[in-house]
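Remarks on the overall topology
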Protein chains: 2
Amino acid sequence: MEMEQMVSASSHAEAGPFTRAWHWLKALPEKLWSKFVSVATKAKKLGQDDPRRIVHSLKVGLAITLVSLFYYFEPLYDGLGVSAMWAVLTVVVVFEFSVGATLGRGVNRGLATLLAGALGFGAHRLASFSGNICEPILLGLFVFLLAAVVTYIRFFPRMKARYDYGLLIFILTFCLISVSGYRDDEVLDMAQKRLSTILIGGATALFVCVFICPVWAGDDLHNLAAINMEKLGSFLEGFGNEYFKTPSQGQSMEDKEILQGYRSVLNSKTTEESLANFAKWEPRHGRFRYRHPWQQYLRIGSLTRQCAYRIEALNGYLSSELKASQEIRAKIEDPCKKMSKDCSCALKELAQAVKTMTKPSAANCHIANSKIAAKSLKSMLKTGLWQDTDLLEIVPAATVASLLIDIVSSTEEIAESVNELASLANFRSVDNTEVAKGESKLSCSSSIKGPHHIITIHASTQSE
Amino acid sequence: MEMEQMVSASSHAEAGPFTRAWHWLKALPEKLWSKFVSVATKAKKLGQDDPRRIVHSLKVGLAITLVSLFYYFEPLYDGLGVSAMWAVLTVVVVFEFSVGATLGRGVNRGLATLLAGALGFGAHRLASFSGNICEPILLGLFVFLLAAVVTYIRFFPRMKARYDYGLLIFILTFCLISVSGYRDDEVLDMAQKRLSTILIGGATALFVCVFICPVWAGDDLHNLAAINMEKLGSFLEGFGNEYFKTPSQGQSMEDKEILQGYRSVLNSKTTEESLANFAKWEPRHGRFRYRHPWQQYLRIGSLTRQCAYRIEALNGYLSSELKASQEIRAKIEDPCKKMSKDCSCALKELAQAVKTMTKPSAANCHIANSKIAAKSLKSMLKTGLWQDTDLLEIVPAATVASLLIDIVSSTEEIAESVNELASLANFRSVDNTEVAKGESKLSCSSSIKGPHHIITIHASTQSE
């Protein structure tokens with residue numbers, strides 16, 4: 001097979017245009033098939049990564065079909081006329097992945113249409129008083145002013161975040177109504193029909209979005225905060241062994257992947273902000289009240305990123321060229337491993353606390369432990385243990401130690417902000433303080449079990 | 001005045017509802033006025049930050065007014081009928097800030113309407129053959145399948161980046177046409193009218209967007225890459241003096257602001273990616289060819305962010321609690337200041353080279369200098385100069401030195417990627433190598449002048 005391709009490739013150069021076209025045509029089905037296979041693989045992966053995508057696609061199909069058929073059947077069609085197509089348009093444009101986004105767009109669209117319709121009607125009326133010559137000039141002026149001002153308002157960051165779509169629809173509806181050229185009663189009739197079809201479309205979209213496997217942006221934001229902390233925890237968990245391993249110890253690809261997981265945290269800002277914006281539209285659902293402190297997640301997110309930047313700097317020292325020598329690393333191994341392990345446990349417990357919406361209890365203990373390790377590292381540096389070693393060789397190790405100390409303080413800040421979230425959102429507390437103390441002491445000493453342990457605490461409080 | 005307010009505030013608690021309402025009403029104009037003033041200030045600042053925003057708003061107003069009046073005048077209105085409103089709709093929805101975004105949306109909208117119209121007409125025809133009972137079922141099935149599949153395709157990252165809007169319009173048009181319930185000739189007539197109005201709207205939007213003070217996404221991306229490098233350079237320029245200053249030396253607010261400028265680089269990924277996507281739609285303009293290597297800017301951007309992460313770690317050591325003692329800092333002052341100054345110069349020269357689209361000539365020299373400084377720092381660490389000092393006190397200083405060495409290598413990587421861009425995009429080179437050598441040597445020794453110097457080189461080559 002390969003031989004054949006090579007021969008055909010070499011003969012291409014001398015062959016005439018027809019022969020080349022024939023070869024191209026002969027290779028086409030195979031090319032198309034391989035393209036198809038690669039696309040299908042990607043599609044499968046997209047679905048496996050997040051099965052909600054498949055459900056969402058089916059939901060959109062369902063909502064559009066419902067509205068389309070509603071539009072198709074003639075009795076209804078006669079009633080609403082051409083404006084019925086606004087129902088289809090509304091569903092297509094308003095239906096988004098999460099409930100918050102759909103609600104936001106729907107409310108934006110509805111309110112903007114109503115307000116702009118009223119204003120446009122007023123403008124139309126006002127202009128019609130001014131006589132035949134002045135009317136188009138006046139209308140043109142109104143449209144120009146409104147479009148320019150509202151477009152400028154769209155640049156305000158706050159307006160852009162929440163009302164961008166509404167402002168767009170506002171311009172659109174105002175222009176359509178004010179310049180429509182219909183008589184007043186026709187305009188009113190049209191406006192009423194259009195509004196009712198938009199309501200039908202919006203209601204269909206919302207109904208399907210909320211009642212069939214809803215996707216809540218709030219849930220996503222909540223989970224993202226937890227997952228990001230967990231990713232940092234996983235890096236720190238693996239870091240100790242990776243940095244202090246002897247050259248003979250290999251590393252599996254899987255370990256490397258876990259270590260690189262933190263990278264997605266570095267660029268999470270935009271996702272978090274848009275999720276928070278959507279979440280603010282969402283009603284009470286599941287474990288979340290209507291005015292859940294979504295803003296606090298952004299604060300946690302920014303501190304998590306802060307920690308991720310430091311981890312990024314630390315990650316540079318994992319490559320062998322920048323590593324300190326074996327003996328020097330051995331000297332700081334114990335406290336450094338302890339610090340990274342304890343920070344990892346603290347982050348993972350915080351993540352678990354957010355996930356289960358309980359007050360983080362053992363995290364503080366881990367942070368205290370990591371601080372003790374930092375102190376012991378500092379006092380170790382004070383001793384004369386280092387007098388005979390070359391300072392140049394110590395520098396990379398000292399940097400790693402120093403970055404780890406920074407990460408400890410960063411973790412503490414994250415813990416504080418999670419505690420703040422816990423009190424703002426009334427996370428359940430582990431009631432029996434005696435039991436909790438005992439439990440957390442246990443989990444501090446055997447910190448490797450980390451997450452599993454917390455699940456135990458959680459289970460034990462639930463059964464109370 | 002304040003006294004009065006205090007008195008009125010204290011009397012509120014005991015006052016009846018009417019008195020309170022009266023107080024509220026009395027305070028209302030003032031409140032509204034202060035709100036208005038704050039909004040006006042913000043609006044002014046938005047305009048000052050980027051005057052193109054004001055121009056853009058006026059442009060949108062103009063384009064919509066043009067199309068609206070076109071729609072308003074009756075002779076034309078009779079010709080195109082209700083579909084004329086699609087022209088207004090197209091302008092409002094397609095007109096974006098940059099030419100690339102507008103072109104992308106326009107092309108997406110036009111192509112999607114054409115394709116979906118044809119497909120929808122086919123589906124409508126096919127279903128009409130199947131008899132009265134089967135027709136709605138078949139149509140519903142078509143709509144469901146197409147909407148679900150195309151919605152799923154929107155999740156593909158590549159499709160989302162470039163064709164998201166087109167896919168949306170595709171679903172919309174297909175549903176509107178296939179379910180329209182008109183007779184075949186009516187559908188064709190309608191489709192033809194709608195397409196022509198969309199073309200009119202799209203052409204108006206594009207015309208105004210391109211020919212009146214155009215905003216090119218490519219220019220923005222190009223400048224952003226340069227500005228980001230410059231911001232990092234400004235931090236490094238100020239870092240040396242800031243870190244090694246004696247406690248008696250104060251710091252102005254302005255210096256602090258310049259030092260914090262790098263923070264915006266940390267989260268620049270999303271902006272860069274969307275600008276690159278828009279830029280790919282843009283035709284040849286100004287200094288850019290049609291197939292300008294926009295992808296390379298993303299590579300430069302990611303390396304710049306890498307460097308910014310390290311600077312973020314470095315920035316933590318500027319706060320006084322983490323600073324090493326005066327004497328220890330004094331020992332490493334010379335090479336560290338040199339490293340940060342040379343890196344700063346290199347970054348600023350690279351930024352200047354990108355801005356002026358010339359091959360960076362002196363940057364390599366600066367990088368070589370900073371490497372020499374790094375070496376001298378390393379050899380200084382080797383000497384016995386440190387035997388009598390406490391290691392714990394050295395650690396923060398060692399970390400700073402180590403991070404600076406990392407930044408040097410990061411700068412080198414950035415320089416490589418800028419060189420790659422220079423050869424991909426055929427940047428002008430400084431021809432006379434002898435002159436260039438002399439010039440760059442000069443600029444290396446008096447590196448403080450940095451940017452100004454490059455402008456001189458640039459001017460001298462232009463006059464040749």
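Parameters and conventions
Residues numbered from 1 in each chain as written. Chains lettered and ligands numbered in written order. Predicted model: local features only at pLDDT ≥ 70, side-chain atom pairs only at ≥ 80, totals over all residues. Heavy atoms only, no water. Helix = DSSP H or I, 4+ residues; strand = E, 2+ residues; numbered from the N terminus. Buried < 20%, exposed > 50% of the residue type's maximum accessible area, 1.4 Å probe, protein only. Contact = heavy atoms within 4.5 Å. Areas by Shrake-Rupley, 256 points an atom, 1.4 Å probe, with all protein chains shown as cover. pLDDT = per-residue confidence, 0-100. Buried area = accessible area lost by both parts, 1.4 Å probe. Salt bridge = Lys/Arg side-chain N within 4 Å of Asp/Glu carboxyl O. Polar contact = N/O pair within 3.5 Å; in protein donor to acceptor, adjacent residues only side chain to side chain. Nonpolar A, V, L, I, M, F, W, Y, C, P; charged D, E, K, R; others polar. Least-squares fit on C-alpha atoms with pLDDT ≥ 70 in both. Core = buried A, V, L, I, M, F, W, Y, C linked by side-chain atoms within 4.5 Å. Phe/Tyr/Trp six-rings, centres within 6.5 Å; stacked < 30°, edge-to-face > 60°. Lys NZ or Arg CZ within 6 Å of the ring centre and 35° of its normal. UniProt positions renumbered as here; feature names shortened; annotations may be inferred. Domains from an automatic or database assignment. Expected span 1.5 Å × (residues − 1). Arc of directions from axis to C-beta. Axes fitted to C-alpha atoms, helices over the stretch in contact; angles between N-to-C directions. Parallel < 35°, antiparallel > 145°, perpendicular 65-115°, else oblique. Left-handed = near helix turned anticlockwise from the far one by under 90°.

1. Details of the overall build of chain A
Looking only at helices and strands, one finds 19 helices and zero strands in chain A. The proportion of buried residues among the 464 residues of chain A is 49%. Taking contacts inside chain A between residues at least 6 apart in sequence as the whole, the part at least 24 apart equals 82%. If you sum the accessible surface of chain A, you get close to 22,500 Å²; carbon and sulfur atoms cover 63% of it.

2. Structural notes on the confidence of the model for chain A
All names here are of chain A. Summing up the model confidence of chain A, the mean pLDDT is 81 and the portion of residues at 70 or higher is 82%. When the elements of chain A are averaged for pLDDT, helix 19 (residues 450-462) gives the smallest value, 29, and helix 13 (residues 269-279) the largest, 92. For the stretch residues 1-11, pLDDT sits under 50, and the model shows three contacts to residues farther than four places along the chain or on other chains. Between residues 432-464, whose pLDDT stays under 50, and residues either more than four places distant or in other chains, the model counts 34 contacts.

3. Here we look at the interface of chain B and chain A
Each partner contributes to the interface: chain B provides 78 residues, whereas chain A provides 77 residues. Summed over both sides, the interface of chain B with chain A buries roughly 7,100 Å², with 72% coming from carbon and sulfur. Counting across the chain B and chain A interface gives zero salt bridges. Taken together, the connections running from chain B to chain A amount to 15 residue pairs in polar contact (both at pLDDT 80 or more). Tallying contributions element by element places helix 3 (residues 52-72) of chain B first for the side of chain B that touches chain A, with 14 residues. Across the side of chain B that touches chain A, the residue classes tally to 50 nonpolar, 16 polar and twelve charged.

4. Here's the deal with the relation of the copies chain B and chain A
Superposing chain B onto chain A takes a rotation of 180° plus a shift of 0.0 Å along the axis, which leaves an RMSD of 0.1 Å. Both copies of the chain, as the preceding transformation shows, are related through a two-fold rotation axis. Of the C-alpha atoms belonging to chain B, the one lying closest to the rotation axis is found on Thr-399 of chain B, 2.3 Å away. An overlap of 99% is found between the interface residues of chain B and their copies at the interface of chain A, pointing to a shared contact surface.

5. Description of unusual backbone geometry
The general pattern is negative phi for most residues beyond glycine and trans for most peptide bonds. The backbone phi angle of Cys-213 of chain A is positive, close to 40°, even though this residue is not glycine. Here Cys-213 of chain A lies in the loop between helix 9 (184-211) and helix 10 (217-243). Located in the positive-phi region is Asn-426 of chain B, a residue other than glycine, with phi close to 50°. Turning to its location among the elements, Asn-426 of chain B is positioned in the loop between helix 17 (391-424) and helix 18 (433-445).

6. A closer look at the nonpolar core
Phe-235 of chain A together with Phe-235 of chain B are the most contacted members of the largest nonpolar core, which totals 136 residues. In this view, Phe-235 of chain A contacts Leu-259, Tyr-262, Ile-311, Leu-314, Asn-315 and Leu-318 of chain A; residues no more than four positions away in its chain are not counted. Among the nonpolar cores identified, the runner-up in size contains 90 residues, and Met-85 and Leu-89 of chain A together with Leu-89 and Ala-112 of chain B belong to it.

7. Examining the packing of aromatic side chains
All names here are of chain A. Evaluated as defined, the whole model comprises 25 aromatic pairs over all chains. Ring geometry for Phe-288 and Trp-294: centres 5.3 Å apart, planes at 45°, overall tilted. Looking at Phe-288, the relative accessible area reads 1%, which means it is buried. Of note, Arg-162 hangs over the ring of Trp-281, and the distance from its end group to the ring centre comes to 4.5 Å. Lying across the ring of Tyr-243, Arg-329 places its NZ or CZ 5.7 Å from the centre.

8. Comments concerning the pattern of salt bridges
Per the counting criterion, the structure on display carries 26 salt bridges over all chains. For the salt bridge of Glu-96 of chain A with Arg-105 of chain A, the shortest nitrogen-to-oxygen distance reads 3.6 Å. With relative accessibility at 24%, the residue Glu-96 of chain A sits in the partly exposed group. A relative accessible area of 24% means that Arg-105 of chain A is categorised as partly exposed. Between Arg-263 of chain B and Glu-312 of chain B there is a salt bridge, with its nearest N and O atoms 4.0 Å apart. Taken together, the residues span a long stretch of sequence, with Arg-263 of chain B in helix 12 (residues 263-266) and Glu-312 of chain B in helix 14 (residues 294-315) at a distance of 49 residues. What makes Arg-263 of chain B partly exposed here is its relative accessible area of 35%. In the salt-bridge network here, residues are joined through shared partners; they are Asp-50, Arg-52 and Asp-220 of chain A.

9. Quick word on the UniProt feature "transmembrane region" (unreviewed entry) in chain A
Under the UniProt annotation, "transmembrane region" (unreviewed entry) lies at residues 54-73, 79-99, 136-153, 165-183 and 195-217 of chain A. Counting secondary structure, residues 195-217 of chain A comes out at 78% helix and 0% strand; the distance between its end C-alpha atoms is 28 Å.

10. Here we look at the domain arrangement of chain A
All names here are of chain A. For chain A, the domain assignment lists domain 1 (49-211) and domain 2 (217-425). Computed over C-alpha atoms, the centres of domain 1 and domain 2 are 47 Å apart. Facing twelve residues of domain 1, the contacting portion of domain 2 comprises eight residues. When domain 1 packs against domain 2, the two sides together hide about 860 Å² of surface, and 61% of this comes from carbon and sulfur.

11. Section: the environment of Val-39 of chain B
Residue and element names in this part refer to chain B. Secondary-structure assignment places Val-39 in helix 2 (residues 17-49). The partly exposed category is assigned to Val-39, whose relative accessible area is 36%. Each C-alpha atom, one on Val-39 and one on Gly-238, is 35 Å from the other, the two residues being 199 residues apart in sequence.

12. Description of the side chain of Ser-402 of chain A
For Ser-402 of chain A, the position within the fold is in helix 17 (residues 391-424). Judged by relative accessible area, Ser-402 of chain A falls into the buried class, the value being 6%. With near-sequence residues (within four places) excluded, Ser-402 of chain A lies in contact with Tyr-317, Val-395 and Thr-399 of chain B.

13. Description of the environment of Leu-266 of chain B
Among the secondary structure elements, Leu-266 of chain B is positioned in helix 12. For the pair Leu-266 of chain B and Ile-311 of chain B, spaced 45 residues apart in the sequence, the C-alpha separation amounts to 9.9 Å. Apart from the residues within four sequence positions on either side, Leu-266 of chain B is in contact with Asn-267 and Tyr-309 of chain A together with Arg-305, Ala-308, Tyr-309 and Glu-312 of chain B.

14. A short note on helix 16 (residues 363-382) of chain B
In an α-helix there are 3.6 residues to a turn, and that puts residues three or four apart on one side. Residue and element names in this part refer to chain B. Helix length check: helix 16 (20 residues) gives 29 Å between terminal C-alpha atoms against 28 Å at 1.5 Å per residue, within 8%. All of the buried residues in helix 16 are Ala-363, His-366, Ile-367, Ser-370, Ala-373, Ala-374, Leu-377 and Leu-381. Projected down its long axis, helix 16 carries its buried residues within an arc of 115°, all on one side. Of the residues in helix 16, the exposed ones pointing more than 90 degrees away from the buried face are Ile-372, Lys-375 and Lys-382.

15. Some words on the packing of helix 10 of chain A against helix 14 (residues 294-315) of chain A
All names here are of chain A. At a closest axis distance of 10 Å, the pairing of helix 10 and helix 14 adopts a crossing angle of 25°. Taken together, the axes of helix 10 and helix 14 lie roughly parallel to each other. Here helix 10 and helix 14 pass one another in a crossing that is left-handed. Between helix 10 and helix 14, the contacting residues are Gly-218, Leu-221, His-222, Ala-225, Asn-228, Met-229, Leu-232, Phe-235, Leu-236 and Phe-239 on the first element and Trp-294, Tyr-297, Ile-300, Thr-304, Cys-307, Ala-308, Ile-311, Leu-314 and Asn-315 on the second. Its residues assigned to classes, the contact of helix 10 with helix 14 comprises 14 nonpolar, five polar and no charged.

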